[in-house]
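Observations on the model geometry
Here is what each chain is made of, one letter per residue.
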Amino acid sequence: DAMVIQNPRYQVTQFGKPVTLSCSQTLNHNVMYWYQQKSSQAPKLLFHYYDKDFNNEADTPDNFQSRRPNTSFCFLDIRSPGLGDAAMYLCATSRAVGVEETQYFGPGTRLLVL
Amino acid sequence: AQKITQTQPGMFVQEKEAVTLDCTYDTSDPSYGLFWYKQPSSGEMIFLIYQGSYDQQNATEGRYSLNFQKARKSANLVISASQLGDSAMYFCAMREGLGGRRALTFGSGTRLQVQP
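A few points on the structure. (Residues numbered from 1 in each chain as written. Chains lettered and ligands numbered in written order. Predicted model: local features only at pLDDT ≥ 70, side-chain atom pairs only at ≥ 80, totals over all residues. Heavy atoms only, no water.)

**Concerning the overall build of chain A**
Applicable threshold: Secondary structure elements are defined from DSSP: runs of H or I of at least 4 residues count as helices, runs of E of at least 2 residues count as strands, and each element is numbered from the N terminus. With C-alpha atoms as the basis for the radius of gyration, the globule rule is written as 2.2 Å multiplied by the number of residues raised to the power 0.38. Two residues form a contact once any of their heavy atoms are found within 4.5 Å. The accessible surface values rely on the Shrake-Rupley method and a 1.4 Å probe; as for residues, cover is taken only from the protein chains in view. In this tally, Asp and Glu contribute negative charge and Lys and Arg positive charge; neither His nor the terminal groups of the chain are included. We put the charge of a Lys on NZ, of an Arg on CZ, of an Asp on CG and of a Glu on CD.
Scanning chain A from N- to C-terminus turns up zero helices and eleven strands. The linear arrangement of helices and strands in chain A, starting from the amino end, is β-β-β-β-β-β-β-β-β-β-β. For chain A, the C-alpha radius of gyration of 13 Å lies close to 13 Å, the compact-globule estimate for 114 residues. Residue pairs in contact within chain A that sit at least 24 positions apart in sequence constitute 56% of those at least 6 positions apart. Total accessible area on chain A stands at roughly 5500 Å², and carbon and sulfur atoms take up 50% of it. Averaging the locations of the 10 positively and 10 negatively charged side chains of chain A gives two centres separated by 8 Å.

**Considering the pairing of strand β10 (residues 88-96) of chain B**
All names here are of chain B. Let me state the cut-off plainly: Any residue under 20% of the maximum accessible area for its type is buried, any over 50% is exposed, and the rest in between are partly exposed; the area is computed with a 1.4 Å probe on protein chains only. Strands were regarded as paired on the criterion that DSSP finds at least two bridges between them.
Among the nine residues in β10, nine count as buried, and that is most of the element. In this sheet, strand β12 (residues 110-115) lies alongside β10 in antiparallel orientation, the contact comprising three bridges. Residue pairing in the sheet places Tyr 90 in a bridge with Thr 110 of β12. Relative to strand β11 (residues 105-106), β10 runs antiparallel, the two sharing two bridges. Each residue of the ladder has a partner; that of Met 94, found in β11, is Thr 105.

**Observations regarding the packing of aromatic side chains**
Cut-off, in case you're wondering: When two rings of Phe, Tyr or Trp (its six-membered ring) have centres within 6.5 Å they constitute a pair, described as stacked for plane angles under 30 degrees, edge-to-face for angles over 60, and tilted for the intermediate range.
Considering all chains together, one arrives at 16 aromatic pairs over all chains under this definition. Residues Tyr 35 of chain A and Phe 105 of chain A carry aromatic rings whose centres are separated by 5.5 Å and whose planes lie at 45° to one another, so their mutual orientation is tilted. One end of the pair, Tyr 35 of chain A, is in strand β4 (residues 31-37); the other, Phe 105 of chain A, is in strand β10 (residues 104-105), and 70 residues separate them in sequence. Both residues of the pair, Tyr 35 of chain A and Phe 105 of chain A, belong to the buried class. Here a set of aromatic residues connected by ring pairs shows up, and it is made of Tyr 33, Tyr 35, Tyr 104 and Phe 105 of chain A together with Phe 35, Tyr 37, Phe 47, Tyr 50, Phe 91 and Phe 106 of chain B.

These figures capture arrangement, not role.
What follows is the structure, encoded as structure tokens:
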């Protein structure tokens, strides 16, 4: 089955220690997104790639970076995690960016910062 | 201003009954899409149903239907014959078209609990 895969499902890191979350997709979609979702809140878009074109949201902290080495993979790097970065990180994909394009989500990675 | 408003933080429904989850939206774009997602406690966001602003008919997908009232800017999700597995968080989301953001804007969600 075509899908969006996120690894790991749970990640524990220490305050200030860089961490990388990964996302892969077998849907061959052009667009990949990273969302941050804190407890009992709506997902918040951090950035997205349209092919190799990187689009950062204006309020995404500099601490968050992303890489997309190829169509299938996208990584979220948190350079110096703070306690406030503990959240669920959701990766999503869509074929394109038209209004009708559904975003398909992975299972998420829960990040805990100690 | 909130783009997507979900006024029901929590809802209860008896198994096998229908339930309506409310969603109102705000946009000046003539072209937009409305989506509903289900998020169980495991965390994955599961796509349920889509309604386009130009669609003449209300969308339906199995037990899910969308009550789209364009003039009122509402897009309520109706779940018929509720099942225990429907207990989850439900998010309404919008994607705007011409000149708007291409990303999804989510509402704050409604937690649905289905009781046996």
